[in-house]
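Chain residues, written in single-letter form:
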Amino acid sequence: GNSVTQMEGPVTLSEEAFLTINCTYTATGYPSLFWYVQYPGEGLQLLLKATKADDKGSNKGFEATYRKETTSFHLEKGSVQVSDSAVYFCALFVPENYGQNFVFGPGTRLSVLP
Amino acid sequence: KAGVTQTPRYLIKTRGQQVTLSCSPISGHRSVSWYQQTPGQGLQFLFEYFSETQRNKGNFPGRFSGRQFSNSRSEMNVSTLELGDSALYLCASSFASQETQYFGPGTRLLVL
């Protein structure tokens, strides 16, 4: 079946530190890969996505590259801010014959200290 | 374009009661999915509706049901509430041919 594994954290960093949140996946077929972010008290927001191997998704200083050979989609940011404190979810989508098949990882809580 | 809206935002019920949650997708989106989010289980897929038909279903008991109307708005119903049903219920919509899901703010349900 399809699954997503990501470091659960919590991850605590100082402002301006480098961030990496690891994500690996198992999927049948050719998935699209996503990172979503959830701020306290809110729903999930799409952060970035990549739809095929070697694609790089980027948004708000965050980047992730679709690595088919290592089945990974690690999230990185060069310099985090306090406002980046949130829970980050890695997810994959594999279209079925009918309906969708979205699978989320457990989420990684990031806390950035001033 | 307005985002996904969910009502109510907060709800308190007692065991044995039933509850109905509502979701209005982004205009033009025909697919609506529902998720349950809890600290222990994370995000779990409940079901997905497209053009008023349930297309996919997660591993939840029959107490959880849903429907979709002709305007793509969707409702989720939970009957005979249990304490363990306390959770954040998230709705997400997508355009049929695109897989990116856009989430609403969620309905936080507390069962006492």
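So, here is what we can say about the structure in this document. On a predicted model such as this, the values are computed, not experimentally measured, just so you know.

Quick notes on the rules
Just so you know, the residues in each chain are numbered from 1, in the order the chain's sequence is written. Numbering of ligands from 1 and lettering of chains from A proceed in the order in which they are written. Whole-chain, interface and lining totals are the exception, using all residues; otherwise, since this is a predicted model, local features are given only for residues with pLDDT of at least 70 and side-chain atom pairs are given and counted only at 80 or more. In computing side-chain properties, one takes all heavy atoms of the structure into account and sets aside hydrogens as well as water. Runs of E in the DSSP output that reach at least two residues are strands. Runs of H or I that reach at least four are helices, and both are numbered from the N terminus. Relative accessibility under 20% of the residue-type maximum defines a buried residue, over 50% an exposed one, and the middle range a partly exposed one, all with a 1.4 Å probe and only protein chains included. Only heavy atoms enter the contact rule, under which two residues are in contact if any of them lie within 4.5 Å. Any N or O atom pair separated by 3.5 Å or less is treated as a polar contact, with the protein-specific requirement of one donor-capable and one acceptor-capable atom, and with residues adjacent in sequence counted only for side-chain atom pairs. The criterion for a disulfide is a pair of cysteine sulfur atoms lying within 2.5 Å. Buried area counts how much accessible surface, traced with a 1.4 Å probe, disappears from two parts once they are put together, with both parts' losses summed.

Once that is clear, we can look at the overall build of chain B. What chain B contains, in helices and strands, is zero helices and 11 strands. Moving toward the C terminus, one meets the helices and strands of chain B in the order β-β-β-β-β-β-β-β-β-β-β. Across its three principal axes, chain B shows a C-alpha extent of roughly 40 × 25 × 25 Å. Among the 112 residues that make up chain B, the fraction classed as buried is 49%. Summarising the internal contacts of chain B: among those between residues at least 6 apart in sequence, 52% fall at separations of at least 24.

Let us now look at the side chain of Ser31(B). Within the secondary structure, Ser31(B) sits in strand S4 (residues 31-38). Only 2.6 Å separates the side chain of Ser31(B) from the side chain of Glu48(B), close enough to count as a polar contact.

Moving on: the environment of Tyr49(B). Residue and element names in this part refer to chain B. Along the chain, Tyr 49 turns up in strand S5 (residues 42-50). Between the alpha carbons of Tyr 49 and Arg 108 there is a distance of 21 Å; along the sequence they are 59 residues apart. When sequence neighbours within four positions are dropped, the list of residues in contact with Tyr 49 reads Arg 30, Ser 31, Val 32, Gln 54, Gly 66, Arg 67, Gln 68 and Ser 74.

Another aspect to go through is the state of the cysteines. Counted according to the given criterion, the structure contains two disulfides over all chains. Between the sulfur of Cys23(A) and that of Cys90(A) lies a disulfide, 1.9 Å long from S to S. The disulfide joining Cys23(A) to Cys90(A) has a torsion of about -65° about its S-S bond and is therefore left-handed. Residue Cys23(A) is located in strand S4 (residues 23-26), and its partner Cys90(A) is located in strand S10 (residues 86-93); the two are separated by 67 residues in the primary sequence. Here the two residues Cys23(A) and Cys90(A) agree in accessibility, since each one is buried. For Cys23(B), the disulfide goes to Cys91(B), at an S-S distance of 1.7 Å. The disulfide joining Cys23(B) to Cys91(B) has a torsion of about -55° about its S-S bond and is therefore left-handed. A residue pair is termed long-range when its members are at least 10 positions apart, and Cys23(B) in strand S3 (residues 19-24) and Cys91(B) in strand S9 (residues 87-94) qualify at 68 residues. Here the two residues Cys23(B) and Cys91(B) agree in accessibility, since each one is buried.

Turning next to the interface of chain B and chain A. Facing 19 residues of chain B, the contacting portion of chain A comprises 19 residues. Between chain B and chain A the total buried area reaches about 1500 Å² when both faces are included, carbon and sulfur atoms providing 51% of it. At the surface where chain B touches chain A, the tally comes to three residue pairs in polar contact (both at pLDDT 80 or more). If you list the elements that add at least two residues to the side of chain B that touches chain A, you get S4, S5, strand S6 (53-57) and S9 of chain B. No other element matches the four residues that S4(B) contributes to the side of chain B that touches chain A.

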